[in-house]
Amino acid sequence: MRRAIADGRLPLGSRLPATRVLAAELRVSRGVVTEAYQRLSEDGHVVGRGRQGTVVVAGPVGAGPVGSGLAGAGPAEAGGSRRLAPRRPGSTDLFGLPPGEDVFDLIRTAPARIDLSPGVPDLAAFPRAAWLRAEREVLGELTADGFGYGDPRGTVELRRAVAHWLGRNRGIRVDPEEVLIVAGTAQALALVGGVLREEGAGEIAVEDPGSLGIRQHLGNLGLRTPPVAVDGDGVLVSELAGHRAVLLTPAHQFPTGVVLGGARRRELMRWAERGGLVVEDDYDAEHRYDRSPVPALRSMVPERVCYMGSVSKLLAPALRMGWVVAPRRYRDALVAAKRFADLGNAVLPQLVLARLMESGELERHLRLLRRRHRRRRDAMIAAIRAHLPGAVVHGAAAGLHLLVTFEGDERDTELAGASLARGVKVHPLSWHRQRSGGPPGLLLGYAATAASAIEDGVTVVGEALRELR
């Protein structure tokens, strides 16, 4: 049991079996189990809590609790003391090989005291009270027929709410009949990629650097993902010659954070009008702080842009709720693909989300998030200046993460591994590159972490960098 607690198999807060039950399962005297529990208690590994049983109160060696009430805080920080966790052997294994298809599952579950992973929203800010109110209202009004099979395109209420939301926030004029509700961007990619493959497409060009996760999803569909370079104005449209389709993140390019410039947008529109298709991933466009909103590409050439969005970065990925607005030629095929995939999203959450969108609750929530994210972003920039001198910060005007790049020949995977060994979780930039070259870098998420933990985390990264040098 001591080893299981030390390596995390018995996580913090887990309840041990009753002594009588465990003794019967092991076929030993109950006194043996009682003595073992007593020793664990004396060592500070467990504590007896009466009717609640015996509970584990020690975390894995070198790591604090994952998902504790203080974002990224371990037991020491909960009491007000801020100390760095010791190195944990074996933490670099995750970064020692090229990332496999399960890499994000592995890093998501890897123990860490402070999680600075990119793309994670502030889940603690989920508007529980507003969601519950809307759900009660919806349940009070929903007829018996509403619990049956619905339209595979999504409820008309949510499609209407999404159309209004896109018009207000993204400058997209769209009819509710054109909106397809999907289970997040992952399903949107699967549906769009599958339809393009059936049409004869064997590839979709992607930004480089660009999202490793997107490449993995498209690769799983049997589609190649040729890289197209990105510079300070966004994707290099000149490299799109010979490609039929490209997937872009134009409002806040992942991972660099650049915005597709005006001249580059016009060049891209000319490419699209010659027969190209743009798949627009508008993954976090609502999260902006120091610049005006950038109109979606869909608002410029609607019949050459397939637009994808979701509430994963605005509310929570667990809702599995997103939308696709496609050119007319693809709509029927996408609806058919959605129908045969799952007969449509769950109806009740759709109706609740529609109520939040139309009532103004979602926009109030977004305003709260912007203020909180701006404070945390500022705390991260200040910590980078203090503890990572010489690092260059990219993409600070919007989004949920910063990209920092370094001068030097160290490998960013080694830096990410060394940081994780000290209890801080980050992503290396090289994971998101297809072509070799370019400076090493890290993606540092700030949206889900308190300012004090952000400073501690960046301090640890700075210590790891100095040791590697």
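Residues numbered from 1 in each chain as written. Predicted model: local features only at pLDDT ≥ 70, side-chain atom pairs only at ≥ 80, totals over all residues. Heavy atoms only, no water.

Check the secondary structure of the protein chain and you find 15 helices and 16 strands. Against the compact-globule benchmark of 23 Å for 469 residues, the protein chain has a radius of gyration of 24 Å, which places it among compact chains. The principal-axis extent of the C-alpha atoms belonging to the protein chain is close to 80 × 65 × 40 Å. Residues classed as buried in the protein chain amount to 53% of the 469 residues present. Sequence separation of 24 or more characterises 75% of the internal contacts of the protein chain that already satisfy a separation of 6 or more. Where the 63 positive side-chain charges of the protein chain centre and where its 53 negative ones centre are 4 Å apart. (Helix = DSSP H or I, 4+ residues; strand = E, 2+ residues; numbered from the N terminus. Rg over C-alpha atoms; globule rule 2.2 N^0.38 Å. Buried < 20%, exposed > 50% of the residue type's maximum accessible area, 1.4 Å probe, protein only. Contact = heavy atoms within 4.5 Å. Lys, Arg positive; Asp, Glu negative; His and termini not counted. Charge placed at Lys NZ, Arg CZ, Asp CG, Glu CD.)

For Val21, the location among the structural elements is in helix α2 (residues 19-26). What makes Val21 partly exposed here is its relative accessible area of 42%. Once the C-alpha coordinates of Val21 and Val33 are considered, the two residues, twelve residues apart in sequence, prove to be 9.7 Å apart.

A separate point is the domain arrangement of the protein chain. The domain boundaries assigned to the protein chain delineate domain 1 (1-47), domain 2 (102-120 + 364-468) and domain 3 (137-359). The centre of domain 1, based on its C-alpha atoms, is set 50 Å off from the matching centre of domain 3. (Domains from an automatic or database assignment.)

Note: strands within a sheet are paired through backbone hydrogen bonds, in either parallel or antiparallel orientation. Taken in spatial order, the eight strands of this open sheet run β4-β11-β10-β9-β8-β5-β6-β7, and their pairing is mixed. One side of each edge strand has no neighbouring strand; the edge strands of this open sheet are β4 (179-182) and β7 (234-235). Note: strand β6 (residues 227-231) against β7, two bridges, orientation antiparallel. The residue of β7 that forms the bridge with Asp231 is Gly234. The strands touched by helix α11 (residues 328-342) within the sheet are β4, β9 (277-281) and β11 (322-325), with β4 carrying the most contacts at an inclination of about 25 degrees. (Pairing = 2+ DSSP bridges. Axes fitted to C-alpha atoms, helices over the stretch in contact; angles between N-to-C directions.)

Note the cis peptide between Asp208 and Pro209, where omega equals 5 degrees. Tracing the chain through its elements places Pro209 in the loop between β5 (205-208) and α9 (212-220). For the peptide bond that leads from Phe254 to Pro255, omega is 10 degrees, which places it in the cis range. Mapped onto the fold, Pro255 is located in the loop between β8 (245-248) and α10 (262-273). Unlike most non-glycine residues, Arg27 shows phi in positive territory, near 60 degrees.

To continue, consider helix α3 (residues 30-42). End to end, α3 covers 18 Å across 13 residues, agreeing with the expected 18 Å (1.5 Å per residue, within 8%). By the burial criterion, the buried members of α3 are Val33, Tyr37 and Leu40. Seen along its axis, α3 keeps its buried residues to an arc of 60 degrees; they face one direction. Elements that come into contact with the buried residues of α3 comprise α1 (2-6), α2, β1 (46-48) and β2 (54-56). If you check the start of α3, you find a side-chain oxygen 3.0 Å away from the backbone N of Gly31, and it comes from Ser29. Looking one or two places after α3, you find Gly44, whose phi comes out positive at around 85 degrees. (Expected span 1.5 Å × (residues − 1). Arc of directions from axis to C-beta. Polar contact = N/O pair within 3.5 Å; in protein donor to acceptor, adjacent residues only side chain to side chain.)

The next point concerns the sheet that holds strand β15 (residues 427-428). One open sheet holds the four strands; their spatial order is β12-β13-β16-β15, and the pairing between them is antiparallel. A strand with exactly one partner marks an edge of an open sheet, and here the two such strands are β12 (392-394) and β15. With three bridges joining them, β12 and strand β13 (residues 401-405) adopt antiparallel strand pairing. Following the sheet pairing, Val393 is matched in β13 by Val404. Running over the sheet, helix α13 (residues 361-387) touches β12, β13 and β16 (441-445) and is turned about 15 degrees from β13. Helix-sheet contacts for helix α14 (residues 412-421) involve β15 and β16, and the interaxial angle to β16 is about 40 degrees.

Here we take up the packing of helix α8 (residues 184-198) against α11. Following both chains from N to C, one finds α8 and α11 inclined at 120 degrees, their axes separated by 10 Å at the closest point. By the angle between their axes, α8 is oblique relative to α11. As for the relative orientation of α8 and α11, their crossing is right-handed in sense. Residue-level inspection shows Gln187, Leu191, Val192, Val195 and Leu196 of α8 in contact with α11, the latter providing Tyr330, Ala333, Leu334, Ala337, Lys338, Ala341 and Asp342. Here the contact of α8 with α11 is built from residues that sort into nine nonpolar, one polar and two charged. (Parallel < 35°, antiparallel > 145°, perpendicular 65-115°, else oblique. Left-handed = near helix turned anticlockwise from the far one by under 90°. Nonpolar A, V, L, I, M, F, W, Y, C, P; charged D, E, K, R; others polar.)

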